[in-house]
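Single-letter residue listing:
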Amino acid sequence: MAVRVRFAPSPTGALHIGGVRTALYNYLFARQQKGTFILRIEDTDQGRYVPGAEDYIIEALKWVGLLPDEGVGFGGPDGPYRQSDRKEIYHKYAHDLVARGHAYYAFDTPVELDERRQAEEHFTYNYISRNGLNNSLVLDPEAVQQRIAQGDPFVIRLKVEPGRSIVIHDLIRGEVVFESSELDDKVLLKADGMPTYHLANIVDDHLMRITHVIRGEEWLPSTAHHVLLYEGFGWQETMPKFSHLPLIMKPVGNGKLSKRDGAKFGIPVFPLSWKGDTPEESFEGFREAGFLPEAVVNFLALLGWHPGGDQEIFTKEELIQAFSIEHIGKSGARFDFEKAKSFNQKYIHAKDNASLAAMVRPLADAKGYQVSDAFLEKAVGLMKERVTFLQDFVETGYYLFEPVKSNDEETLQKRWNGDIAAVFAELTEKVATFDSFNAVALEDAIKQFMQEKQLKPGDILPLLRIALAGTMKGPAVFEMAEILGREATVARLRALQESR
Ligand code: GLU
């Protein structure tokens, strides 16, 4: 049977990076199995709906390159893919389930249920309490019909039969058993006619012919109810296989990574920035922090999935080949931001200059650097083995775009003296008259000059570096001089002398 998987986020705010990992694993599995990857928006909880969240989800998936084959914004034969557009469908199935004897109408008002909860600490609506409540299992059929006809509000609840073990064969966790007597009679259809997550999720997974459900661990307990729903509808034969992914844990300490950890540890925990109503509800994303999407994908792939072997850098194609649900761990995966950084460094280093320049262009524009594409390509090429984030090109490497702002004083103290100042001045004038201002010619000429003056490389090259970049950590000095050009190079050599 052709594999069909779905990523089914609820648009309740920015999509957490864990959600992106869930999407990624679904995507990798679908691609590997030559299956279909679907984006379904689960927005039936109107109270938690946040405007802009759906667009955010789609933009985030596009940024990391996980394009759905079908779904909201992508079309497909099984739409609509937004649950609020499917209300009528759930209605029909909820009533069908009542007719099949696996669900019932309940007329208890929220106030009545609250009173029960106040009176009984552990009150749940279940196979015991339902016998003393206001529902179609207790009322006589005529009264039920009459109440519905006169428009009394009601919900539809799942009728959980006690006394059986529900066994889930999770592809990551193996057998997981739940006792039905411990489950409550979940609401399936709310009084406003909207389905709950449970009903909508199961009806849609069935109608969209989903073969594998790959989702976060927090949904494991709900799966027991889901199995009962599949049975109630008579859909056991096509019930999807379940895989519940491990939690993503904080970088240090215990507990799962939360959106608050972003501010706490100074790290992004969302793919893209999100502007909430307050500063506390606004978050910086991996994209805005200067990550390449490929690095984020590689990092997330290894957050819970253990391919075995030493390979850490995987292209998306390699991930698709190597991925397997069986190699996903059960226990929480620690969010190691240092690792994310090291991936980003490697991906930036390996990226071609033209693509990098295109990504750095808006950052350079924002700084007011007026540079040509050709210049920007050379600049990123020179710097790319020295940066971790895209911003570093214009932050750490600002000196390729504007004069040096501060010098490595410690090195200057050690190396600058009267003799050196004299040869440095002589060299500056020599450089000012070079014919061909390119790295090779400069290197030849400067080395010849050093020989004539019996200078060691350490006497003069560090000073040239500092003159051009303010630091010893800048790129190769002759290349740097070449892209800066004669005028800027000479100006910087003079500026250093004047500053001493
Ligand atoms: N709407 C649920 C969520 O927001 C989906 C859970 C599932 O994949 O079944 O995570």
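Cut-off values and rules
- Residues numbered from 1 in each chain as written.
- Predicted model: local features only at pLDDT ≥ 70, side-chain atom pairs only at ≥ 80, totals over all residues.
- Heavy atoms only, no water.
- Helix = DSSP H or I, 4+ residues; strand = E, 2+ residues; numbered from the N terminus.
- Expected span 1.5 Å × (residues − 1).
- Buried < 20%, exposed > 50% of the residue type's maximum accessible area, 1.4 Å probe, protein only.
- Arc of directions from axis to C-beta.
- Polar contact = N/O pair within 3.5 Å; in protein donor to acceptor, adjacent residues only side chain to side chain.
- Pairing = 2+ DSSP bridges.
- Right-handed = clockwise from strand over helix to strand, strands pointing away.
- Contact = heavy atoms within 4.5 Å.
- Near = heavy atom within 4 Å.
- Areas by Shrake-Rupley, 256 points an atom, 1.4 Å probe, with all protein chains shown as cover.
- Nonpolar A, V, L, I, M, F, W, Y, C, P; charged D, E, K, R; others polar.

## Comments concerning helix α15 (residues 418-432)
Taking 1.5 Å as the rise per residue, α15 with 15 residues should run 21 Å; its terminal C-alpha atoms sit 21 Å apart, in good agreement. Three or more residues of α15 are buried, namely Ile420, Val423, Phe424, Leu427, Thr428 and Val431. Down the axis of α15, the sector holding all buried residues measures 150 degrees, keeping them to one side. Facing away from the buried side of α15 by more than 90 degrees, the exposed set consists of Gly418 and Asp419. Capping the start of α15, Asn417 holds a side-chain oxygen 3.1 Å from the backbone nitrogen of Asp419, two or three residues further along.

## Overview of unusual backbone geometry
A cis amide bond links Gly79 to the next residue, Pro80, at an omega of -5 degrees. Within the secondary structure layout, Pro80 lies in the loop between β3 (70-71) and α3 (87-99). Within the chain, Arg209 stands out as a residue other than glycine whose phi angle is a positive 55 degrees. In this fold, Arg209 is placed in the loop between α6 (197-207) and β9 (212-216).

## Focus: helix α2 (residues 53-64)
A rise of 1.5 Å per residue sets the reference length of α2, with its 12 residues, at 16 Å; its end C-alpha atoms lie 17 Å apart and thus fit the reference within 8%. Here α2 lies mainly inside the structure; nine of its 12 residues are buried. When α2 is considered as a whole, its buried residues turn out to be Ala53, Glu54, Tyr56, Ile57, Ile58, Ala60, Leu61, Trp63 and Val64. Gly65 occupies a position one or two residues after α2 and carries a positive phi of about 80 degrees.

## Topic: the pairing of strand β10 (residues 241-245)
A large share of β10 lies buried, amounting to four of its five residues. Bridge analysis of β9 against β10 gives five bridges, and the strand direction is parallel. Across the sheet, Val213 pairs through a bridge with Phe242, a residue of β10. In this fold, β9 hands off to helix α7 (residues 220-233), which returns the chain to β10; that crossover is right-handed.

## A look at the environment of His16
Within the element layout of this structure, His16 appears in the loop between β1 (4-7) and α1 (17-32). Since its relative accessible area comes to 23%, His16 is described here as partly exposed. Residues His16 and Val269, 253 residues apart in the sequence, show an inter-C-alpha distance of 6.3 Å. Once you skip the residues sitting within four places of it in the chain, His16 turns out to touch Leu257, Ser258, Lys259, Val269, Phe270 and Pro271. At a separation of 2.9 Å, a polar atom in the side chain of His16 contacts the main-chain amide nitrogen of Gly18.

## Describing the environment of Phe393
Residue position: Phe393 is located in the loop between α13 (373-383) and α14 (409-415). Measuring from C-alpha to C-alpha, the distance between Phe393 and Val213 comes to 42 Å, with 180 residues separating the pair along the chain. Residues in contact with Phe393, not counting those within four places in the same chain, are Ile348, Leu356, Val360, Val380, Met383, Lys384, Val387, Tyr398 and Phe401.

## Remarks on the site of the ligand
Inspection of the region around the ligand gives Arg6, Ala8, Pro9, Ser10, Glu42, Tyr197, Asn201, Arg215 and Trp219 as its neighbouring residues. Ser10 has a polar side-chain atom sitting 3.0 Å from a nitrogen atom of the ligand. For the ligand, whose free accessible area comes to 300 Å², the fraction covered by protein is 84%. When grouped by side-chain class, the residues that make up the shell around the ligand number four nonpolar, two polar and three charged.

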